[in-house]
Amino acid sequence: MPVVGLVGSTFAMATPAGGGVVYFPFLTLLNFPAESAVALNLGVQSFSMAIFGTVAWLRTSRDSIIIWVVVTCAIAGWVGSFISVGFPISQDIPLRIMFTFFCFFLLCYLVYMLRKGEEQEREGSIKNYQNWKTFVAIVLFGLFGGIVVGYIGVGIDMIIFTVLNALFQVDSRKSTGTSILVMGWTSVVPALVHILHYKDMIYPVWIMIVGGTVIGARLGTLMNNVFGKRRIIILFCLLLTAEVIRTPIDILFFE
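Report on the accompanying structure. (Residues numbered from 1 in each chain as written. Predicted model: local features only at pLDDT ≥ 70, side-chain atom pairs only at ≥ 80, totals over all residues. Heavy atoms only, no water.)

1. Topic: unusual backbone geometry
Now for step 1: The backbone phi angle of Asn-31 is positive, close to 70 degrees, even though this residue is not glycine.
Now for step 2: Secondary-structure assignment places Asn-31 in the loop between α2 (20-29) and α3 (34-60).
Now for step 3: Residues other than glycine seldom take positive phi values, yet Gln-169 does so here, at roughly 60 degrees.
Now for step 4: Owing to a relative accessible area of 30%, Gln-169 belongs among the partly exposed residues under this scheme. (Helix = DSSP H or I, 4+ residues; strand = E, 2+ residues; numbered from the N terminus. Buried < 20%, exposed > 50% of the residue type's maximum accessible area, 1.4 Å probe, protein only.)

Right, here's the structure in full:
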């Protein structure tokens, strides 16, 4: 399990997606119930992306965080996550289908980034759009992202990254840093609901994955420097493609 955390951290440092995109398929492949995989996603991200992520980004690149977007999206995301955890989906197949749709969306966007050049400079700034329309848009996207997070344990990070990078033309560094913290802090409330109400957190697995993320946070940076961000993203796209193909086959022929 520490290896799962390590791999998730490595991809999280090269892509706009959090490590939960890696944890969920690994856990379901090992026959963990999808609902438990979601709880573990939320629990791990509450530490690795909220606490550790906040400290790391503020220490190394404070100007990469758009604070008002993080706070607004996290609060809206908590409201959205209350909606989804309040009306849970307990069956494995619907949750896995929802996760696969998200993986397909993420795969399409990463391929688009690779074609256009993920390091292209953006001249826009969210500060240029700080009016009520921008605020309402951020709140609505945060609310929707929170609903997605409550169901599949991931999603708001990629949604906010896409909104900032594609809609407001914010550069990828700021979009990534902001979306990572949004994902982490949004995960806290639904994680607590799973711990205190549903009581479906598998603590030994959670501890092992969190341990892997601590190692991966350092090793992931080294791997990205050695192999290059583009190669890591291409490998991640291959894994996403395998997940998008695996889930329908698994459901149709092996369930």
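Moving on from the model shown.
2. Considering the state of the cysteines
Now for step 1: Counted by the stated rule, this structure contains zero disulfides.
Now for step 2: Cys-108 forms no disulfide, and the closest cysteine sulfur to it belongs to Cys-237, at a distance of 9.7 Å.
Now for step 3: In this structure Cys-108 comes out as partly exposed when scored by relative accessible area, which is 39%. (Disulfide = S-S within 2.5 Å.)

3. Considerations on the pattern of salt bridges
Now for step 1: Tallied over the full model, the rule gives three salt bridges.
Now for step 2: Ionic pairing is found between Arg-246 and Asp-250, a salt bridge with its closest N-O pair at 3.9 Å. Taken together, the residues Arg-246 and Asp-250, both in helix α10 (residues 229-254) and four residues apart, mark about one turn of the helix.
Now for step 3: A relative accessible area of 19% places Asp-250 in the buried class.
Now for step 4: Where salt bridges share partners, they join Arg-96, Glu-243, Arg-246 and Asp-250 into one cluster. (Salt bridge = Lys/Arg side-chain N within 4 Å of Asp/Glu carboxyl O.)

4. Observations concerning the nonpolar core
When a protein is soluble and globular, its nonpolar side chains tend to lie buried together.
Now for step 1: The biggest cluster of nonpolar side chains holds 61 residues, and the ones touching the most others in it are Val-21, Leu-27, Leu-106, Leu-110, Phe-236 and Leu-240.
Now for step 2: A total of 10 residues in this core trace back to one element, the largest contributor, which is helix α5 (residues 92-116).
Now for step 3: Apart from residues no more than four positions distant in its own chain, Leu-240 is found in contact with Val-21, Cys-103, Leu-106, Leu-107 and Leu-110. (Core = buried A, V, L, I, M, F, W, Y, C linked by side-chain atoms within 4.5 Å. Contact = heavy atoms within 4.5 Å.)

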